[in-house]
Amino acid sequence: MLFALMLAAAAPTLDAASLQALAAADSRLVTIGRRLAKASAGLCAGTISNPGWTIEDAEQFAPAVRDEVRAALSLGDNPTIIAVEPDSAAAQAGVEVGDGLVAVGGQMLPAASPDASRKRQDVIERAMAQGAATVTVERDGRSVTLRIMPERGCASEFLIGRGRGLRAASSDGARVTVSAEIVSFTPGDDDLALVLAHEFAHNILGHNKGHPPQRIAGEDRSGKRTREREREADRWALYLMARAGYDPAVAPGFWRRWGPKTDYLFSDGTHPGWRDRAARAEAEIARIKAQQAAGEVPLP
Ligand SMILES: [Zn+2]
């Protein structure tokens, strides 16, 4: 569940094209994140809380631009569904693009107010985290109640955050956040899946308990075992990708493309160098291919 445009600050301008581009990036992120989460079933306890929809709420924008945003994204007064991923829990429940969320998990969403957006998001996130939830939407002037069933997999939110730069990817145990720049830097879904899977692996592996959010590169104060944890997240990312149907073979090329753009910025040594990451990925991909050739689901 994402409110991408909560990061309105990340948009260079608030014109219709920029807003629509951000919304499209958000949908892409939800789709890849949900596929990764679903494919991780069996690797951790829990259920996916992301139902495979993208929601935008005009209330999160300043009053001066709200009408413009509403028109650009065809939003109603309530949080509005702007994308539904095929075959997702939301799609199976019958959620449609344009539906306005009225109540979720039996609780009415708060009416418009200066902090309505945050309160509404809290209600939706809480209900989704609890598993099966009823959702009441307004569609073409009538009220429709649907029931969303949770999917099995490792739960994690995937969202675009306000952070800037190619290094702004992080995980905090419950969510994976990337900057708009990272989404632009990864036009191919396999590349974006690699970045998301690395952060998602930190969450699955419990690397973040009691630590500041992990970052994909750069300063990290989470302890001296960081380098080993980074290698483990890199390794797991490839398996998570393969299980979700993404191609882990993009990893060596990605690290070689990414490394020189980010290396100059960090010298604290917490993350393995990009050459090391690329070489290790190549070795791991061979193991994954062998597992797949033997008809096995890749297992890290
Ligand atoms: Zn990391």
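Residues numbered from 1 in each chain as written. Predicted model: local features only at pLDDT ≥ 70, side-chain atom pairs only at ≥ 80, totals over all residues.

## Quick notes on the overall build of the protein
Each helix and strand in the protein was counted, giving nine helices and 12 strands. Within the protein, the fraction of its 300 residues that count as buried is 46%. Pairs at least 24 apart in sequence give 66% of the contacts found in the protein among residues at least 6 apart. (Helix = DSSP H or I, 4+ residues; strand = E, 2+ residues; numbered from the N terminus. Buried ≥ 20, exposed ≤ 12 C-beta atoms within 10 Å, placed from the backbone. Contact = placed C-beta atoms within 7 Å.)

## A word on the nonpolar core
Counting residues in hydrophobic clusters, the biggest one holds 73 residues, and the most contacted among them are L36, A193, L196, A197, L240 and M241. Counting contributing residues per domain, this core is built from domain 1 (4-152) and domain 2 (163-293), each supplying no fewer than three. Other than its neighbours up to four places away in sequence, L36 contacts A193, L196, A197, F200, L240 and A244. (Core = buried A, V, L, I, M, F, W, Y, C linked by C-beta atoms within 7 Å. Domains from an automatic or database assignment.)

## A few points about the pairing of strand 4 (residues 100-104)
Alignment of strand 4 against strand 6 (residues 133-139), held across four bridges, turns out to be antiparallel. Bridge assignment links G100 to a residue of strand 6, and that residue is E138. Judged from the two bridges that link them, strand 4 and strand 5 (residues 107-108) form a sheet pairing that is antiparallel. Residue pairing in the sheet places A103 in a bridge with M108 of strand 5. (Pairing = 2+ DSSP bridges.)

## A short note on the packing of helix 1 (residues 16-39) against helix 2 (residues 63-73)
Relative to each other, helix 1 and helix 2 sit at 60°, their axes nearing to 9 Å. When the axis of helix 1 is compared with that of helix 2, the two are oblique. Helix-helix and strand crossings are classified by hand; for helix 1 and helix 2 the assignment is right-handed. Contacts between helix 1 and helix 2 pair A16, L19, Q20 and A23 from the former with V69, A72 and L73 from the latter. Tallied by class, residues from the contact of helix 1 with helix 2 come to six nonpolar, one polar and no charged. (Axes fitted to C-alpha atoms, helices over the stretch in contact; angles between N-to-C directions. Parallel < 35°, antiparallel > 145°, perpendicular 65-115°, else oblique. Left-handed = near helix turned anticlockwise from the far one by under 90°. Nonpolar A, V, L, I, M, F, W, Y, C, P; charged D, E, K, R; others polar.)

## Let's talk about the environment of G163
Examined against the element boundaries, G163 turns out to sit in the loop between strand 9 (157-160) and strand 10 (169-171). The spacing of G163 and E181 is 18 residues in sequence and 9.0 Å in space, taken between C-alpha atoms. When neighbours within four sequence positions are excluded, G163 is seen to be in contact with A168, T177 and S179.

## Regarding the environment of V30
Along the chain, the position of V30 falls in helix 1. The exposure class of V30 is buried, given the 27 C-beta atoms found within 10 Å.

## Considering the confidence of the model for the protein
Across the protein, the average pLDDT comes to 84, with 86% of residues at 70 or higher. Confidence drops under pLDDT 50 across residues 217-223; counting only partners more than four residues distant or on other chains, this segment forms 18 contacts. (pLDDT = per-residue confidence, 0-100.)

## Here we look at the pairing of strand 3 (residues 80-84)
A large share of strand 3 lies buried, amounting to five of its five residues. Both strand 2 (residues 53-56) and strand 3 contribute to a ladder of four bridges, which runs antiparallel. Its bridge partner being in strand 3, I55 is matched across the sheet by I81.

## Thoughts on unusual backbone geometry
A positive phi angle, near 55°, is found at S74, a position not held by glycine. Mapped onto the fold, S74 is located in the loop between helix 2 and strand 3. Positive phi outside glycine occurs at D140, with the angle close to 50°. Counting through the fold element by element, D140 comes out in the loop between strand 6 and strand 7 (142-148). On the basis of neighbour counts, which here come to 8 C-beta atoms within 10 Å, the residue D140 falls in the exposed class.

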